[in-house]
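# Close look at the chain arrangement
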Amino acid sequence: MLPLIVFAVGLVLYNYEQDRRDASQRVIETVRSIRLVLDAEMQRMTGGLQILSLSNALRERDFEGFRRIASGFLEQYGKDGVVLVADRDGRQLFSSVIENTASLALRNNREIVEKVFATKTPQYSNLFIGAVKKRLIVTVEVPVFRDGEIVSVISFSPPTDIFQAIIEKQRPNQDWTISIFDREAINFARVPNPQDTVGKRASPTLYAAMFRIPEATLSTVSLEGVPLITSFARSSITGWTVAGGISESSLVGPLWRNLAITSAIGGFLLLIGLAFAVRMATTIARGEMLHDLLIEELNHRVKNTL
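Described in the following lines is the structure provided in the data block. (Residues numbered from 1 in each chain as written. Predicted model: local features only at pLDDT ≥ 70, side-chain atom pairs only at ≥ 80, totals over all residues. Heavy atoms only, no water.)

### A short note on unusual backbone geometry
Inclusion rule: Put simply, DSSP marks the helices as runs of H or I at least four residues long and the strands as runs of E at least two long, and each gets a number from the N terminus on. Residue exposure (1.4 Å probe, protein chains only): buried if accessible area is under 20% of the type maximum, exposed if over 50%, otherwise partly exposed.
Here Val 191 and Pro 192 are connected by a cis peptide whose omega angle stands at 0 degrees. Mapped onto the elements, Pro 192 comes out in the loop between strand 9 (187-191) and helix 6 (194-197). With a phi close to 55 degrees, Asp 147 is a non-glycine residue in the positive phi region. Its location among the elements puts Asp 147 in the loop between strand 6 (140-146) and strand 7 (149-157). For Asp 147, a relative accessible area of 78% corresponds to the exposed category.

### Re the pattern of salt bridges
Applied cut-off: A pair is scored as a salt bridge if a Lys or Arg side-chain nitrogen falls within 4 Å of a carboxyl oxygen belonging to Asp or Glu.
For the structure on display, the rule yields eight salt bridges. Glu 41 is the salt-bridge partner of Arg 44, the closest N and O atoms lying 2.8 Å from each other. Taken together, the residues span about one helical turn, with Arg 44 and Glu 41 both in helix 1 (residues 2-53) at a distance of three residues. Judged by relative accessible area, Arg 44 falls into the partly exposed class, the value being 41%. Of the residues examined, Glu 41 reaches a relative accessible area of 15% and is grouped as buried. Across the pair Arg 88 and Glu 114 runs a salt bridge whose closest N-O atoms are separated by 2.7 Å. Placement of Arg 88 in the loop between strand 1 (82-86) and strand 2 (92-95) and of Glu 114 in helix 4 (residues 110-119) is noted, with a sequence separation of 26 residues between them. Among the residues examined, Arg 88 registers a relative accessible area of 43% and is labelled partly exposed.

### As for the side chain of Asn 126
Rules: Definition of a polar contact: a pair of N or O atoms within 3.5 Å, with one able to donate and the other able to accept a hydrogen when the atoms are protein atoms, and with sequence-neighbouring residues admitted only if both atoms are side-chain atoms.
In this fold, Asn 126 is placed in the loop between strand 3 (123-124) and strand 4 (128-129). With a relative accessible area of 18%, Asn 126 lands in the buried category. Of the polar contacts made by the side chain of Asn 126, one reaches the backbone nitrogen of Arg 183; its length is 3.0 Å.

### A short note on the side chain of Ser 125
Mapping Ser 125 onto the fold places it in the loop between strand 3 and strand 4. By relative accessible area, which is 2% here, Ser 125 ends up buried. A polar contact is formed between the side chain of Ser 125 and the backbone nitrogen of Thr 139, at a distance of 2.8 Å.

### Re the pairing of strand 7
The criterion, for reference: Pairs of strands are assigned from DSSP output, requiring at least two bridges between the strands.
Burial of strand 7 is extensive: seven of the nine residues sit out of reach of the surface. With five bridges connecting them, strand 1 and strand 7 associate as antiparallel partners. Paired with Val 85 across the bridge in strand 7 is Ile 154. Note that strand 6 and strand 7 share seven bridges and pair antiparallel. Looking across to strand 7, one finds that Arg 146 is bridged to Glu 149. From the end of strand 6 to the start of strand 7, which pair antiparallel, there are two residues, and Asp 147 there has a positive phi angle of about 55 degrees.

What follows is the structure, given as structure tokens:
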């Protein structure tokens with residue numbers, strides 16, 4: 001029975017390793033899927049802003065006319081979205097929520113505005129506190145051209161609920177932890193516990209790997225202290241990173257359960273085998289003892305006869 005028990009335990013461990021490999025593959029595929037959904041959403045936002053940037057009202061600084069055009073863009077994102085137009089110095093020329101822009105402060109992330117002017121391409125910000133919303137936001141920045149030169153930047157800060165909804169819809173079950181990080185590895189959407197983790201840096205075990213390679217699978221520990229099998233994938237469009245992990249306990253739990261079942265069944269069968277062996281050994285020993293007694297008796301009788 002012992003070889004059978006060892007074989008069964010080895011089979012359980014092999015199945016665990018196979019389940020772990022399957023789980024790792026499932027995690028990376030889920031993360032890639034979320035990244036594709038995120039990229040598609042950001043490209044849709046960027047395309048809408050690029051259309052706004054081509055409007056004659058914006059080029060001619062007719063901001064009242066541009067407000068009507070911008071409201072149509074904002075309707076698809078709800079009341080929390082904000083469209084801004086700023087010059088190179090960060091002065092706000094237009095705001096979809098405040099008509100008197102003269103009272104508005106300078107843009108809080110002027111470095112991203114400068115980057116748009118330098119690259120002449122759309123840019124995606126890190127998490128920062130917005131000058132209008134006064135809370136943590138990310139923005140999509142698109143250049144506005146006139147006669148081939150950038151004259152201003154149109155900015156859109158989407159509601160963070162959009163990103164939260166993306167990962168909640170893609171989350172397979174409650175054992176998963178999924179986050180979207182900016183280029184500095186700061187959370188701006190996460191499940192679980194978004195209220196306690198948004199705005200925080202990635203866990204040290206994940207942070208160390210995020211800047212070395214664009215995609216990987218590794219073992220990490222979440223901000224809640226839960227061991228995870230984690231994969232991450234960085235977007236080539238936004239520079240943001242999607243990370244997802246499945247709890248190690250969801251794999252280790254079945255392992256220990258299978259080992260316990262295998263050990264219990266093996267131990268029961270081993271006890272039966274031992275009982276059978278003891279009974280057989282006792283029977284054989286009794287037979288040999290009777291045989292020896294018979295031989296001794298025969299020897300005695302033969303001796304008497306002689």
